[in-house]
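Listed below, chain by chain, are the residues.
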Amino acid sequence: MKAVVMAGGFGTRLRPITEKLPKPMAHVANRPMMEHVVRLLERSGIVDLEVLLYFYPEKITSYFGDGSPWGVRMHYIGAEADYGTAGAVKNAESRIDGTFLVISADIITDFDLSRAIAFHRERKAAATIVLTRVPNPLQYGIVITEEDGRIVRFLEKPSWGEVFSDTVNTGIYILEPEVLSLIPAGKSFDFSRNLFPAMLARGDRLLGYVADGYWKDVGNLDEYLNVHLDILSGKVGIAFEGKKAGDGNVWIGENSRVDFTADLRNVVIGKDCVVGGNVSAENVVLGDGCIVEDGAVLQSSVVWPRTKIHKGVRLLENIIGSDCEIRGRAYLAERAVISDHCVIGTEAEVKANVKVWPHKEVEDGAVLSSSLVWGGKWARSLFSAYGIFGLANHEITPEFAAKVGAAFAATFGKKVVLSTSRDTHKTSRMINRAIMTGMLSVGVDVHDYGVTPLPVVRYLARSHREEKGGVHTRKSPFDASFVDMKFFDDSGLNLPVGVERSIELLFFREDFVRADTEETGEISFPVGGFDTYVDGFLKTIDVKRVKERGFHIVLDHSFGSSALIFPRILGRLGVETVALNANLDAARITKTEEEFQRGLAHLTAISRSLSADFGVMIDTGGEKIFLVDEKGETIPDWVALQMVCLLTCRRRRSGKVGVPVTASRNVEKIAARFGMEVVRTRTLPRSLMETAAREGVSFVGDDSGGYVFPEFQPAFDGMFAIVRILEMLAAEGRTLSDMLREIPPTVMMKKKIPCAWERKGALMRMLTDHAKGQTSQFIDGVKIFHGEDWALIYPSQDEAYFHLCVEAEDRREAEEITARYADLFSAWAQKL
């Protein structure tokens, strides 16, 4: 049996230690990662290896040669371009004549591959994916199988709402040769994104085998260090070079000398090393030829070959490249990474998470605190479900923002145009300017709209053909110490996940192509943006009908920038408005929950006292609205969604409305009355906006005050939502309370269930298994129906808990279902 070894990895997220090295050649426990894979294959009886090369191929061929020192036969296949995982394997088709195994050269595992192969042959599979279970499955391809191993569903790098299991794709496949005929030659084609979905659609026997043992995809520097700690603690079944010494799990390589006063625990020492007196080392790997002088303290660190560590040095959870010199009494803080051929001076200090690239010198006594500090922290993901956010001036610094701006702009190439905008806060202005600096540095021109509501700049992105997208910076509406960055494309929609991944890749590589002096981008400050928005806005509204109704409303601007433009629109519509909090006050942009409720109560009281047609609060960003009816009663967001849906359906009477899985079952009842179709979506803003952009969709809303009317733009726009509600009420000749009376009574309950991050995947797997045999839905999390009643459980994207949503006919039944699932989760958690 042959194995195809995929050894073309760049190791982008392991930089700087892989700056001039293919990822499979990064040392793990004093051997290249690929060597551990080759030894595993040999132990499994697989000795004919087709090795696929791409990045620095000579580094691999010169080390392994023909493979004979490891008892295998190696044949190398190069590639002219990156054709994806399956496309790369297609290059080996001419040398494969039977069942074969595909494995990555940059993983660490001790799986018994012979069992997986036996499973494949016994079940007569066309393809078998070797699976394992992990605590946090977000970065992997999730696979769901039946009890017989048949794969029924899988997702490549899902969000938490799509994590239906903690069983993931390990990148190890056992394939029959005919599978290769499904892979196009010379084109980018992936196993998980392309080949396996095609096989499922064809009805091929695609099976999953859950392997026992250790597996780790060494995807970033944190994982690289963690895999060493796992190896040293005995979690991985791999052998060390050298001889075991003493009781402290210490392995000493050939010709190495260790002073008898050294205190060593869980340490692997390579060949030809010297360890001096009173050295303290725990959970440490030393490469060949290293020298550690007297009194040095090394903890949870990996040191590559030929590095010298002088007297009194302190290392704490560090990775040190080869041929480095760490001079006397230097201190390297947690997770600092020093690349090859670097010198850290006497008594110098390298701060936590800083990365030092090859051939750099830190002078004696210097304190190094680089902006790259956040690269290590954010190596898993730069973007959250809601853009990029972080602590102002600590995580989101000007240096960080400039780097993000450069990475964002570099995905489009030179001489395109991107937009920037912000709210009124001084920190937002600072970060916005830093973003512009980064964009300009890679040759991109910038339209800066300054203080402008987010819906306006989204609309302008659609209106100005030269703009390819933009970024809006604002102080977080939820936490005064945080800053948000909202990115959008030329449709005004949040960026697709693929574009976010491209930006992250450029960000972490840190190697953008900077523009030459004469190619630096230019900044312009477009005028007339508000006019463009207002003109497009009013063309989409029946102005005459709204004017004739003569509305009187109370409007709370929440101190946001909508106050710069919305009064102009309402004036053109003849809407008499009592404006609250219409001044721009940067200090009052962020509201606590208590402040929000107090503001809503104030709005309610004023609306009631003035006998207004209704009251409405628009959020600081201008995207969401919160309604009060003409009786002065606050309308809950989940009820307001049904009401706006009802108004839309009464007016449109054809087409589709889109709502998240959390929305009430009444939406289907309302739509059915008027011959309209309901599209259920995930809860993420991007999913809702993408639904709004579909043909035939008239309205999309969420149950937290966000409404989209695609006729104007397929993005949340609180100002347009208010006016569209006015227009529909005018056309119907009715009030908000009239519309509320048409909505069937129902009870909705929501609860947060705390859950540690590492348990989320396992709990989702248990929940998915629990849903089998019951009427259920898997759009975002798991929704289980009990007649018309239902319970939805889905993981929070950014925090350590699950959301539980329940809808039932009456409160007693809703409370019973809520308690049942809360207890069920508690019982499952105790088993883990």
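These notes cover the structure that comes with them. Every value quoted in this text rests on a predicted model; they were computed, and no experiment measured them.

Here's the deal with the pairing of strand β17 (residues 263-269)
Next up, step 1: Bridge count between strand β15 (residues 250-252) and β17: three bridges; the pairing is parallel. Along β17, the bridge assignment pairs Ile252 with Ile269.
Next up, step 2: Pairing geometry for β17 and strand β19 (residues 280-286), over six bridges, is parallel. In the strand pairing of β19, Val267 is matched with Val284.

Re the packing of aromatic side chains
Next up, step 1: Applying the stated criterion across every chain, the model contains 27 aromatic pairs.
Next up, step 2: With a centroid separation of 4.7 Å and 20 degrees between ring planes, the pair formed by Tyr459 and Phe712 is classed as stacked. You can see Tyr459 sitting in helix α10 (residues 454-463) and its partner Phe712 sitting in the loop between β46 (707-708) and α19 (718-732), a full 253 residues away along the chain.
Next up, step 3: The class for Tyr459 is buried, based on a relative accessible area of 12%.
Next up, step 4: Through a chain of ring-to-ring contacts, three or more aromatic side chains come together here, namely Tyr459, Tyr533, Phe537, Phe699, Tyr707, Phe709, Phe712 and Phe720.
Next up, step 5: If you follow Lys59 out to its NZ or CZ, it ends over the ring of Tyr56, 5.9 Å from the centre.

A look at the sheet that holds strand β41 (residues 614-618)
Next up, step 1: With respect to topology, four strands assemble into an open sheet ordered β40-β39-β41-β42, the strand pairing being mixed. In the strand order of this sheet, the two ends are held by β40 (576-580) and β42 (625-628), each with one partner. Direction aside, the axes of adjacent strands within the sheet are offset by 20 degrees on average.
Next up, step 2: Across five bridges, strand β39 (residues 552-556) lies against β40 in parallel orientation. Bridge pairing in β40 places Val554 opposite Val578.
Next up, step 3: Each of β39, β40, β41 and β42 touches helix α15 (residues 593-609); the most contacted strand, β41, lies at about 155 degrees to it.

Structural notes on the sheet that holds strand β50 (residues 789-795)
Next up, step 1: If you walk across this open sheet you meet the five strands as β47-β51-β50-β49-β48, and the pairing is antiparallel. Looking along the sheet, the strands with just one partner apiece sit at the ends: β47 (747-754) and β48 (776-777).
Next up, step 2: Note: β50 against strand β51 (residues 801-808), six bridges, orientation antiparallel. Pairing of Ala791 across the sheet is with Val806, part of β51.
Next up, step 3: Across the sheet, helix α21 (residues 760-771) is in contact with β48, β49 (782-786), β50 and β51; its angle to β49 comes to roughly 30 degrees.

A closer look at the environment of Asp542
Next up, step 1: Mapped onto the elements of the fold, Asp542 is located in the loop between α12 (529-539) and α13 (543-549).
Next up, step 2: Judged by relative accessible area, Asp542 falls into the partly exposed class, the value being 32%.
Next up, step 3: Taking the C-alpha atoms as reference points, Asp542 and Ala730, 188 residues apart in sequence, are found 9.8 Å from one another.

Section: the packing of helix α16 (residues 637-652) against α19
Next up, step 1: Packing of α16 against α19 brings their axes to within 10 Å, and their N-to-C directions diverge by 55 degrees. As far as their axial angle goes, α19 and α16 are oblique. Pair α16 / α19 crosses with left-handed handedness. Residue-level inspection shows Val644, Leu647, Thr648, Arg650 and Arg651 of α16 in contact with α19, the latter providing Ile725, Met728, Leu729, Ala731 and Glu732.
Next up, step 2: Looking at the contact of α16 with α19 residue by residue, the classes come out as six nonpolar, one polar and three charged.

Quick look at unusual backbone geometry
Next up, step 1: Pro16 follows Arg15 through a cis peptide bond whose omega is 15 degrees.
Next up, step 2: Among the structural elements, Pro16 can be located in the loop between β1 (2-6) and β2 (27-28).
Next up, step 3: Even without being glycine, Asn353 reaches a positive phi, approximately 70 degrees.
Next up, step 4: Considering the arrangement of structural elements, one finds Asn353 in the loop between β29 (349-350) and β30 (355-356).
Next up, step 5: Assessed through its relative accessible area of 22%, Asn353 is described here as partly exposed.
Next up, step 6: For Ser558, which is not a glycine, the phi torsion comes out positive at approximately 60 degrees.

Basis of the calculations
- Residues numbered from 1 in each chain as written.
- Predicted model: local features only at pLDDT ≥ 70, side-chain atom pairs only at ≥ 80, totals over all residues.
- Heavy atoms only, no water.
- Pairing = 2+ DSSP bridges.
- Helix = DSSP H or I, 4+ residues; strand = E, 2+ residues; numbered from the N terminus.
- Phe/Tyr/Trp six-rings, centres within 6.5 Å; stacked < 30°, edge-to-face > 60°.
- Buried < 20%, exposed > 50% of the residue type's maximum accessible area, 1.4 Å probe, protein only.
- Lys NZ or Arg CZ within 6 Å of the ring centre and 35° of its normal.
- Axes fitted to C-alpha atoms, helices over the stretch in contact; angles between N-to-C directions.
- Contact = heavy atoms within 4.5 Å.
- Parallel < 35°, antiparallel > 145°, perpendicular 65-115°, else oblique.
- Left-handed = near helix turned anticlockwise from the far one by under 90°.
- Nonpolar A, V, L, I, M, F, W, Y, C, P; charged D, E, K, R; others polar.

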